[in-house]
Amino acid sequence: MRSTLKRSIIATAAVSLILPGWLTGVANADVTVADDTVTTAPIEPEPTEPEPTEPEPAEPEPTEPEPTEPEPTEPAPIDPEPIEPEPTKPARPETRGVKFVIDGQAVRRSARVAPGSVVKIARVHPDSEVTIVHARNPEVTFTVRETRKARVFLSPPLPPSTPVRIVVRGSDGSVAKVRVRTQRAPNTFSVSVSPSANSGIYGAGIPLRVTFSRPIWNKAPVEKALRVESTNKLGAASWHWVSSTQAVFRPKKFWPGNTTITLEADLRAVEGAPGWWGPKVKSSFRIGDRVVIRTNFRTHKLTYIRNGKKERSFPISGGKAGWETKNGVKLITTHEEQRRLVNPDPVDGWDVLTNYAMRLTQDGEFIHDAPWNYYNIGRYNTSHGCTNMHLSDVRWLFHNTRFGDIVVSGGSSRDVSKSEYLAGYWNYSWKEWVAGSALR
């Protein structure tokens, strides 16, 4: 019995441990003991609402993360470490390699040379400037000529007794320079110019003549230094050496009307002959209206043309057979009133007085009035070579012409000589004339 009771108590204790407290009390009250046997009646539990309980969080099943591409990020700027610059060599001055040469000899600082010497300036930087100035008068400059060879320049021939400074200035401020002085000329020749300066107004046929005091051996450099300028368009023109002491300049088709002709020549640096140097020359003369008189001895007519416009025509009589008036270009070289014309030949001579006479050639050809030949003027050629006109006609012509006006004659069998004073130069063909230039 004790063992049975003991088991009941244990069982009750066990229930008490399992059941909640409110059930435990009920169980304890219903326990009875009979006949040493402990029994328990079944107890209907009261319905109770369970207390709300929060569900225990379930542990998530481990999952592998999906691979994701990392977003691009700009690298953080990194300050460069300071770098010390490497030492650089200073730039070479532009003028460092410039070389001055005279007669094949290099010049470093200064030189004394013969007149006419030319200085070569070599190894000039493309950005550098070359100048040549008079050492005592900087306003006087000399033209520097660039050669076809790159970086090489030439001075002009330097005149006697002239100090010059030759300077090369680089764009970087560097400078190379030398000083050159020419010696005195041992001998000098003189030059005369015709027409002379400010000597009046001339006709369009007057030639320009330059005469030298001594024979010129080096014609080409002398001619090259003779420069002619015209205030009106000149057209083709050329020098012609008629001798070693005279050069003549003329256009192909006479001078333009109403223009000024200027000759300039600096011969101080030109050696015209061994040991002989020239002067500096400048001379000008004026041309008036361009008057051209045309005479035709077949038609017995003279036509007066001024500045390209025909103004008057007159009847004339030319030279008879054996005394033909010459063909070609002539120039009026004198205007003479009351001119006496004489030929003492006992067979075919003459002695006449004219009122107006204009000389055309040095052997005695004139345009003049001829009252004694009145009937033949405009009809026949009956003179001794002169051009005969009526008095009123020749008077008009006399007052409308000047020294150097042009007379072009045709219709005869004789020609004007190329040696004729002044007019002879116009009777060369143009090919013959330019062949007389030293520069051709």
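Source: prediction; values computed, not measured.

**A few points about the overall build of the protein chain**
Turning to step 1, where the next piece is worked out: Helix and strand counts for the protein chain come out as 5 helices and 33 strands.
Turning to step 2, where the next piece is worked out: Every one of the 440 residues in the protein chain was classed for burial, and the buried ones make up 39%.
Turning to step 3, where the next piece is worked out: In the protein chain, the proportion of contacts linking residues at least 24 apart, taken out of those at least 6 apart, comes to 64%.

**Some words on the packing of aromatic side chains**
Turning to step 1, where the next piece is worked out: All told, the structure shown has 13 aromatic pairs when counted by the stated rule.
Turning to step 2, where the next piece is worked out: Considering the side-chain rings of F314 and W396, the 5.7 Å spacing of their centres and the 45 degrees angle between planes classify their relative orientation as tilted. Taken together, the residues F314 in strand 26 (residues 309-315) and W396 in helix 4 (residues 391-399) connect sequence positions 82 residues apart.
Turning to step 3, where the next piece is worked out: Clustering of aromatic rings is evident, with ring pairs tying together Y202, W239, F249, W255, F285 and F403.
Turning to step 4, where the next piece is worked out: When the ring centre of W241 is taken as origin, the NZ or CZ atom of K219, which lies over that ring, is 5.6 Å away.
Turning to step 5, where the next piece is worked out: For the cation-ring pair, R250 lies above W433, with the distance from its terminal atom to the ring centre recorded as 5.1 Å.

**Topic: the environment of R306**
Turning to step 1, where the next piece is worked out: Mapped onto the elements of the fold, R306 is located in strand 25 (residues 301-306).
Turning to step 2, where the next piece is worked out: With 94 residues separating them in the primary sequence, R306 and N400 have C-alpha atoms 9.6 Å apart.
Turning to step 3, where the next piece is worked out: Apart from the residues within four sequence positions on either side, R306 is in contact with D289, R290, V291, E311 and N400.
Turning to step 4, where the next piece is worked out: Looking at R306, its side chain comes within polar contact range of the side chain of E311, at 2.8 Å.
Turning to step 5, where the next piece is worked out: Of the polar contacts made by the side chain of R306, one reaches the side chain of N400; its length is 3.3 Å.

**What about the layout of surface pockets?**
Turning to step 1, where the next piece is worked out: Considering only enclosed or pocket space, the largest pocket measures out at about 910 Å³ in volume.
Turning to step 2, where the next piece is worked out: In terms of lining residues, the largest pocket is bounded by 25 residues, among which P156, P157, A225, D266 and A269 are the most central.
Turning to step 3, where the next piece is worked out: Mapped onto the lining of the largest pocket, the elements with two or more residues apiece are strand 8 (141-142), helix 3 (219-225), strand 20 (259-266) and strand 23 (280-287).
Turning to step 4, where the next piece is worked out: Of the residues contributing to the lining of the largest pocket, the split by class is 13 nonpolar, 5 polar and 7 charged.
Turning to step 5, where the next piece is worked out: For the second largest pocket, the calculated volume is near 470 Å³.
Turning to step 6, where the next piece is worked out: Lining the second largest pocket are 23 residues, and of these W350, G364, H384, G385 and C386 lie nearest its centre.
Turning to step 7, where the next piece is worked out: Residue composition of the lining of the second largest pocket, by class: 8 nonpolar, 8 polar and 7 charged.

**Re the sheet that holds strand 22 (residues 276-277)**
Turning to step 1, where the next piece is worked out: On the basis of which strands lie adjacent, the open sheet formed by 3 strands has the order 13-22-21 and mixed pairing. The sheet terminates laterally at strand 13 (187-188) and strand 21 (271-273), the two strands that pair on one side only.
Turning to step 2, where the next piece is worked out: Note that strand 21 and strand 22 share 2 bridges and pair antiparallel. The partner of A273 across the bridge, within strand 22, is W276.

**A look at helix 4**
Turning to step 1, where the next piece is worked out: Among all positions of helix 4, only D393, V394, L397 and F398 are buried. Taken end-on, helix 4 shows its buried residues confined to a sector of 135 degrees, consistent with a single buried face.

**So, the pattern of salt bridges**
Side chains that differ in charge, positive against negative, can pair when their charged atoms come close.
Turning to step 1, where the next piece is worked out: Within this structure, the stated rule accounts for 9 salt bridges.
Turning to step 2, where the next piece is worked out: In this structure, the salt-bridge partner of K330 is E365, at a minimum N-O distance of 2.5 Å. In this pair, K330 is assigned in strand 27 (residues 326-331) and E365 in the loop between strand 29 (350-359) and strand 30 (366-369), connecting sequence segments 35 residues apart. Here K330 matches E365 in class, with each residue buried.
Turning to step 3, where the next piece is worked out: Here the residues in one salt-bridge network are D289, R306 and E311, joined through shared partners.

**Digging into the pairing of strand 19 (residues 246-251)**
Turning to step 1, where the next piece is worked out: Of all 6 residues in strand 19, 6 are buried; the element is thus mostly enclosed.
Turning to step 2, where the next piece is worked out: Residues Q246, V248 and R250 of strand 19 are buried on one face, and the alternating residues A247, F249 and P251, pointing to the opposite face, are buried as well.
Turning to step 3, where the next piece is worked out: Where strand 16 (residues 208-212) meets strand 19, 4 bridges bridge the pair, whose relative direction is antiparallel. When the sheet's bridge partners are listed, L208 is paired in strand 19 with F249.
Turning to step 4, where the next piece is worked out: Across 6 bridges, the pairing between strand 18 (residues 237-243) and strand 19 is antiparallel. Paired with W241 across the strands is A247, a residue of strand 19.
Turning to step 5, where the next piece is worked out: The turn linking strand 18 back onto strand 19 is made up of 2 residues.

**Remarks on the confidence of the model for the protein chain**
Turning to step 1, where the next piece is worked out: Summary statistics for the protein chain give a mean pLDDT of 85 and a share of 80% for residues scoring 70 or more.
Turning to step 2, where the next piece is worked out: Of the regions scoring below 50 in pLDDT, residues 1-6 engages in 3 contacts with residues more than four places distant in sequence or in other chains.
Turning to step 3, where the next piece is worked out: Counted against residues more than four places away or in other chains, residues 8-43, with its pLDDT under 50, gives 19 contacts.

**Concerning the sheet that holds strand 10 (residues 153-154)**
Turning to step 1, where the next piece is worked out: A sheet is described by the order of its strands in space; here 5 strands give the open sequence 4-3-6-10-9, paired in antiparallel fashion. Here the strands that pair on one side only, and so sit at the sheet edges, are strand 4 (105-107) and strand 9 (145-146).
Turning to step 2, where the next piece is worked out: Bridge count between strand 6 (residues 119-122) and strand 10: 2 bridges; the pairing is antiparallel. In the sheet register, I121 faces strand 10, and the bridge partner there is F153.

**Thoughts on a positive patch on the surface**
Turning to step 1, where the next piece is worked out: A cluster of basic residues, R92, R96, K99, K120, R123, K149 and R151, forms a positive patch on the protein surface.
Turning to step 2, where the next piece is worked out: Note that R151 resides in the loop between strand 9 and strand 10.
Turning to step 3, where the next piece is worked out: Residue class for R151 comes out partly exposed when judged on its relative accessible area of 44%.

Conventions we followed
- Residues numbered from 1 in each chain as written.
- Predicted model: local features only at pLDDT ≥ 70, side-chain atom pairs only at ≥ 80, totals over all residues.
- Heavy atoms only, no water.
- Helix = DSSP H or I, 4+ residues; strand = E, 2+ residues; numbered from the N terminus.
- Buried < 20%, exposed > 50% of the residue type's maximum accessible area, 1.4 Å probe, protein only.
- Contact = heavy atoms within 4.5 Å.
- Phe/Tyr/Trp six-rings, centres within 6.5 Å; stacked < 30°, edge-to-face > 60°.
- Lys NZ or Arg CZ within 6 Å of the ring centre and 35° of its normal.
- Polar contact = N/O pair within 3.5 Å; in protein donor to acceptor, adjacent residues only side chain to side chain.
- 1 Å grid on protein atoms, 1.4 Å probe; cavity = no way out; pocket = protein on both sides within 12 Å on 5 of 7 lines; lining within 4 Å.
- Points joined across faces, edges and corners; volume = space filled by probe spheres on them.
- Nonpolar A, V, L, I, M, F, W, Y, C, P; charged D, E, K, R; others polar.
- Pairing = 2+ DSSP bridges.
- Arc of directions from axis to C-beta.
- Salt bridge = Lys/Arg side-chain N within 4 Å of Asp/Glu carboxyl O.
- pLDDT = per-residue confidence, 0-100.
- Patch = residues over 30% accessible without salt bridge, like charges linked within 9 Å, V, L, I, M, F, W, Y side chains within 5 Å.
- Areas by Shrake-Rupley, 256 points an atom, 1.4 Å probe, with all protein chains shown as cover.
- Lys, Arg positive; Asp, Glu negative; His and termini not counted.
- Charge placed at Lys NZ, Arg CZ, Asp CG, Glu CD.

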